[in-house]
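So you can see what is in the structure, the chains are spelled out below.
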Amino acid sequence: MRRLVVVSNRVADPECNSTAGGLSVCILDALRKSGGLWFGWNGEIVPRDEEVTVTCTRLESLTLATMPLSARDYQEYYLGFCNATLWPAHHYRLDLVRFTQECAQGYRRVNDRFAETLAPLLKQRDLVWVHDYHLIPLGTCLRARGVDNAIGFFLHIPFPSPEVLVAMPEHEWLACSLFAYDLVGFQTSIDKENFCRFICEYMGGKMISQDTIDLAGKSLTVSVFPVGIDVDYIMTMSQSPEAEMRIQRLHRSGETRINIIGVDRLDYSKGLPERLRAFRRFLELFPRHQKAVTLMQIAPPTREDVQAYMDIRYELEALSGEINGEFGDFDWTPVRYIHRSVARETLASLYRGSRVCLVTPLRDGMNLVAKEYVAAQDVDDPGVLVLSRFAGAAEDLEEALIVNPYDTDEVAEAIERAIIMPAEERMERHRALMARVRSRDGRNWAESFLGALIASKFRKGRAIEYLRTPQTPQHPAHIAHRLGSLRASGRISLDSGLKNSNISPPQGSSRKRGSEGPSRKRLTAILAPEQKPKC
Ligand code: ADP
Ligand code: F6P
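Residues numbered from 1 in each chain as written. Chains lettered and ligands numbered in written order. Predicted model: local features only at pLDDT ≥ 70, side-chain atom pairs only at ≥ 80, totals over all residues. Heavy atoms only, no water.

Enquirer: I keep staring at the overall build of the protein and nothing clicks. Help me out?
Expert: For the protein, the count of helices and strands is 19 helices and 16 strands. Counting all 535 residues of the protein, 56% fall into the buried class. For the protein, the exposed area adds up to about 23,000 Å²; of that, 51% sits on carbon and sulfur atoms. (Helix = DSSP H or I, 4+ residues; strand = E, 2+ residues; numbered from the N terminus. Buried < 20%, exposed > 50% of the residue type's maximum accessible area, 1.4 Å probe, protein only. Areas by Shrake-Rupley, 256 points an atom, 1.4 Å probe, with all protein chains shown as cover.)

Structure, rendered in structure tokens:
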């Protein structure tokens, strides 16, 4: 069996049961089952670059290889390029994008350091699975060190529409560096389309099949793998005797029977101020529910050293204070705001004890909270999920009450609808949602990604063999691939190549109007794996 090597910026502590963040949760679930190596940052910061050394820890079949970030890397790579440039741009918040050359350099440097440290730990048949926006160029950095393993990349956050992406400095280089991987996975079909549209319309690439995209002779498999959860784990936790006790306590202490819950890292992409405003509007529009409903918002701190995160914290605190001051009474606090992480068991029981869950991000890659809430419900008396159309989960979870989080009145009305929804309708919706959450669970996500990674590496291997063997039968796909390579090397032009073959021009090859696209020299420089990246 091949060993699985997972690489992500942050490596969670498997023994800590309150880690907030979808990536850690789903990787831990996947690795607990398969075992393997998990490589990345241990969350610590050391003063100087020279102090960055790797530590290996074994936990049953799982090895953690972790290292700290230096203070400079933390500033430039993590706070800077990752969370002040990439994160806001990918979440359509160009107003919050901050960019400096130093931070971009820091990003390249840390990716290069990750590759340098990881490469000697790899064995020949390892499957390498790189995660998220922190490590987009890691594939290129590994290839530059001669790593020939199957390497896949999964993007947990949205891939923005090309019109937004082009406003982000460094976007061309970054998007093209994904071609170093054998497989790139996205959360939703919209993310995949956005990436393919960017490569085809702005970079002169083209689709050669539904899941294969070509750029200057380099082909890449791109596909959709929606992240899922460990359904049985959540179900079991939400039905334990301890969970039952917590639910009783929640209802006793709440002076009210109806609890609405929100669980999100305190991130501006989660639409928390908009959510609170919608809750306030709900109280205004439907005063009969006052005192009968409480909103419990659990929002653990995250990335607190980034200015935009400090701002959102003040805004949320002020808003919850305002609502409580305006509507609250001696026997009722409308908003209960909890600013810390809680154990997953506790979360599961709070989900089960809540009639409504508000998942209303302004943009979100997937949103696991939506799926966890569904899995934790009592099938005979389930709650209702109110879900933003801009969460990746909405592509699948159609039976939720789908809302536009920017539309305060619409969300307010959805809250009322969820509260008064008859049991029969709740059960019907829940049955359908549960079937979807189950059919695309965490195991399915990991297995389908890794299966596709092996298949795409195998296909690539075969194609390379073919190119080295002149007598191979002339299958159209092979010819197309070969033409791509010849074109890339400048030995054939697209038109003359196609005129001499029976292949019709692939779809989506037209370049964006007004865009010259990068020159061939630049593209070759961006894509060449042999070249050592300027990190
Ligand atoms: P993101 O990855 O952007 O944080 P997701 O909704 O996909 O968003 O994942 C969040 C994960 O973090 C979920 O598994 C959720 O249960 C967990 N989580 C969120 N808030 C808390 C909290 N306060 N304490 C513990 N875990 C949390
Ligand atoms: O996908 C969302 C994400 O960026 C994950 O990578 C991570 O689990 C989570 O947010 C928490 O972010 P950070 O590692 O920056 O604390």
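From this point, the discussion proceeds with the structure in view.
Enquirer: Before we go on, may I ask you to explain helix α1 (residues 22-34) in this structure?
Expert: Each full turn of the α-helix corresponds to 3.6 residues, which orients residues three or four apart in the same direction. Here α1 is 13 residues long and its end C-alpha atoms lie 19 Å apart, about the 18 Å a rise of 1.5 Å per residue gives. Of the positions making up α1, those classed as buried are Leu 23, Ser 24, Val 25, Cys 26, Ile 27, Leu 28, Asp 29, Ala 30 and Leu 31. Following α1 by one or two positions, Gly 35 has its phi on the positive side, about 70°. (Expected span 1.5 Å × (residues − 1).)

Enquirer: Is there a simple way to think about the site of ligand 2 in this case?
Expert: What surrounds ligand 2 is a group of 14 residues, the closest being Arg 10, Leu 23, Tyr 78, Asp 132 and Arg 303. Within the contact set of ligand 2, an oxygen atom lies 2.9 Å away from a side-chain nitrogen or oxygen of Arg 303. Computed on the free molecule, ligand 2 has an accessible area of 390 Å², of which 90% lies beneath the protein chains in the complex. Every element with two or more residues in the shell around ligand 2 is listed here: α1 and α2 (71-90). Of all the elements, α1 adds the most residues to the shell around ligand 2, at three residues. (Near = heavy atom within 4 Å. Polar contact = N/O pair within 3.5 Å; in protein donor to acceptor, adjacent residues only side chain to side chain.)

Enquirer: What is the right way to look at unusual backbone geometry in this model?
Expert: Apart from glycine, the bulk of residues carry a negative phi angle, and the bulk of peptide bonds sit in the trans form. With phi around 50°, Glu 60 is a residue other than glycine that occupies positive phi space. With respect to the helices and strands, Glu 60 occurs in the loop between β3 (55-59) and β4 (62-70). Backbone geometry at Glu 170 places phi at a positive 75°, although glycine is not the residue there.

Enquirer: Honestly, the environment of Arg 440 in this entry has me stumped. Any pointers?
Expert: Inspection of the secondary structure puts Arg 440 in the loop between α15 (423-439) and α16 (442-468). What makes Arg 440 partly exposed here is its relative accessible area of 35%. Setting aside anything within four residues of it in sequence, one finds Arg 440 in contact with Pro 226, Gly 228, Lys 371 and Asp 396. (Contact = heavy atoms within 4.5 Å.)

Enquirer: What is the right way to look at the packing of helix α10 (residues 272-285) against helix α11 (residues 307-327) in this model?
Expert: Two quantities define a packed helix pair, namely the angle between the axes and the distance from one axis to the other. Put simply, α10 and α11 touch, their axes get as near as 9 Å, and they point 10° apart. Considering their axes alone, α10 and α11 lie roughly parallel with respect to each other. Between α10 and α11, the residues in contact are Leu 272, Pro 273, Leu 276, Arg 277, Arg 280, Leu 283 and Glu 284 and Ile 312, Glu 315, Leu 316, Leu 319, Ser 320, Glu 322, Ile 323, Glu 326 and Phe 327, respectively. Among the residues making up the contact of α10 with α11, the classes are represented as nine nonpolar, one polar and six charged. (Axes fitted to C-alpha atoms, helices over the stretch in contact; angles between N-to-C directions. Parallel < 35°, antiparallel > 145°, perpendicular 65-115°, else oblique. Nonpolar A, V, L, I, M, F, W, Y, C, P; charged D, E, K, R; others polar.)

Enquirer: Quick question: what am I supposed to make of the site of ligand 1 here?
Expert: Within the structure, ligand 1 sits among 20 residues, and Gly 21, Gly 22, Arg 265, Lys 270 and Glu 372 are positioned closest to it. In the model, an oxygen atom of ligand 1 is placed 2.8 Å from a nitrogen or oxygen of the Lys 270 side chain. Arg 340 is positioned with one of its backbone polar atoms (N or O) 3.2 Å from a nitrogen atom of ligand 1. Contact with the protein chains hides 93% of the accessible area of ligand 1, taken as 560 Å² for the molecule alone. Elements represented by at least two residues in the shell around ligand 1 include exactly α1, α12 (344-352) and α13 (368-376). In terms of residue count, the dominant contributor to the shell around ligand 1 is α13 (three residues).

Enquirer: I tried to follow the sheet that holds strand β13 (residues 335-338) on my own but got confused; where do I start?
Expert: Strand pairing within a sheet occurs via backbone hydrogen bonds; the two strands may be parallel or antiparallel. The sheet built from six strands is open, its strands ordered β13-β12-β11-β14-β15-β16 with parallel pairing. Single-partner strands in this sheet number two, and they are β13 and β16 (401-403). The average angle at which neighbouring strand axes cross in this sheet is 20°, direction not considered. Examined bridge by bridge, strand β15 (residues 384-388) and β16 share three bridges and lie parallel to one another. Bridge pairing in β16 links Ser 388 to Val 403. (Pairing = 2+ DSSP bridges.)

Enquirer: Just checking my understanding: could you explain empty space enclosed by the protein for this structure?
Expert: Gaps left between atoms are located by rolling a probe of water-molecule size over the structure's atoms. One pass over the structure, following the stated rule, counts six cavities of 30 Å³ or more. One number sums up the size of the largest cavity: a volume of about 80 Å³. Taken together, Leu 86, His 90, Ile 136, Phe 153, Leu 155, Phe 159, Leu 165, Met 168, His 171, Leu 174, Ala 175 and Leu 178 make up the lining of the largest cavity. Breaking the lining of the largest cavity down by element, the ones donating at least two residues are α2 and α6 (171-177). For the lining of the largest cavity, the element with the highest residue contribution is α6, accounting for three residues. Class assignment for the residues of the lining of the largest cavity results in ten nonpolar, two polar and no charged. (1 Å grid on protein atoms, 1.4 Å probe; cavity = no way out; pocket = protein on both sides within 12 Å on 5 of 7 lines; lining within 4 Å. Points joined across faces, edges and corners; volume = space filled by probe spheres on them.)

Enquirer: Would you mind going over the sheet that holds β4 with me for this structure?
Expert: On the basis of which strands lie adjacent, the open sheet formed by ten strands has the order β3-β4-β2-β1-β5-β6-β7-β10-β9-β8 and mixed pairing. Across the chains shown, the open sheet's two edge strands, defined by having one partner strand only, are β3 and β8 (206-209). In this sheet, neighbouring strand axes are inclined to one another by 25° on average, regardless of whether the strands run parallel or antiparallel. The pairing of strand β5 (residues 127-131) with strand β6 (residues 150-154) spans five bridges and is classified as parallel.

Enquirer: Looking at this structure, I do not really get the pattern of salt bridges. What am I missing?
Expert: Working definition: two side chains of opposite charge can pair if their charged atoms are close together. Counted according to the given criterion, the structure contains 42 salt bridges. Here Arg 113 and Asp 49 are joined by a salt bridge, their closest N and O atoms 3.9 Å apart. With Arg 113 in helix α3 (residues 101-118) and Asp 49 in the loop between β2 (36-46) and β3, this residue pair connects regions lying 64 residues apart in the sequence. Judged by its relative accessible area of 18%, Arg 113 is buried. (Salt bridge = Lys/Arg side-chain N within 4 Å of Asp/Glu carboxyl O.)

Enquirer: Would you take a moment to explain α10 for this structure?
Expert: Here α10 contains 14 residues, and its C-alpha end-to-end distance of 20 Å stays within 8% of the 20 Å for a straight helix at 1.5 Å per residue. Summarising the contacts, the buried residues of α10 are in contact with β11 (258-263), β12 (293-298), α11, β13, β14 (356-359) and α14 (408-420).

Enquirer: Honestly, the packing of aromatic side chains in this entry has me stumped. Any pointers?
Expert: Describing an aromatic ring pair means giving the distance of the ring centres and the angle of the ring planes. Using the criterion set out here, one finds 24 aromatic pairs in the structure. Ring geometry for Phe 154 and Phe 449: centres 6.2 Å apart, planes at 85°, overall edge-to-face. One end of the pair, Phe 154, is in strand β6; the other, Phe 449, is in helix α16, and 295 residues separate them in sequence. Take Phe 154: its relative accessible area is 0%, and that puts it in the buried class. Taking relative accessible area as the criterion, Phe 449 reaches 0% and is therefore assigned buried. (Phe/Tyr/Trp six-rings, centres within 6.5 Å; stacked < 30°, edge-to-face > 60°.)

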